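Breakdown of the fold
Below are the chains, spelled out letter by letter.
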Amino acid sequence: MSIGLVLEIDHVLFGVFVMIVLPILGPQLYLAVTDRDGEHAPRTRIRTPALVSLSLLPSFLAVADGTDRTILGLLAGGVALGYLCYEGGLGYRRAREA
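Please read all numbers here as calculations on a predicted model, not as lab measurements. (Residues numbered from 1 in each chain as written. Predicted model: local features only at pLDDT ≥ 70, side-chain atom pairs only at ≥ 80, totals over all residues. Heavy atoms only, no water.)

With that out of the way, let us pick up helix 3 (residues 42–61). Taking 1.5 Å as the rise per residue, helix 3 with 20 residues should run 28 Å; its terminal C-alpha atoms sit 29 Å apart, in good agreement. Every buried residue belonging to helix 3 is among Arg45, Ile46, Pro49, Ala50, Ser53, Leu57, Ser59, Phe60 and Leu61, and all of these are buried. (Helix = DSSP H or I, 4+ residues; strand = E, 2+ residues; numbered from the N terminus. Expected span 1.5 Å × (residues − 1). Buried < 20%, exposed > 50% of the residue type's maximum accessible area, 1.4 Å probe, protein only.)

Take a look at the structure:
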């Protein structure tokens, strides 16, 4: 069952903004950048929202059509590509230090 259908959200992009961007991506990415003395590493703060978002986005893709589906696909691709680039950059820096 799709999250958008369960919550009866009419506009799919608004549902993604309310269900994924505001509560998951936004706060965790903000804390990854600003919280230097926190108990969670920035890597954890980036990995968790990326993987949770990528697991929730297909439920919205199931009910989207046309331009909304394209935008959600680009969002999912951007999150996946951003996460892979972040992990690749960390791996490169670790290899250079060794």
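All chains considered together, the criterion is met by 2 salt bridges. Across the salt bridge formed by Arg43 and Glu87, the nearest N and O atoms sit 2.7 Å from each other. Note that Arg43 is positioned in helix 3 and Glu87 in helix 4 (residues 67–97), a separation of 44 residues in sequence. Accessibility expressed as a relative area gives 24% for Arg43, which makes it partly exposed. A relative accessible area of 18% means that Glu87 is categorised as buried. Among the salt bridges present, the one from Glu87 reaches Arg47, with a minimum N-O distance of 3.6 Å. Highlighted residues: Glu87 in helix 4 and Arg47 in helix 3, separated in sequence by 40 residues. Salt bridges linked by common partners bring Arg43, Arg47 and Glu87 together as one network. (Salt bridge = Lys/Arg side-chain N within 4 Å of Asp/Glu carboxyl O.)

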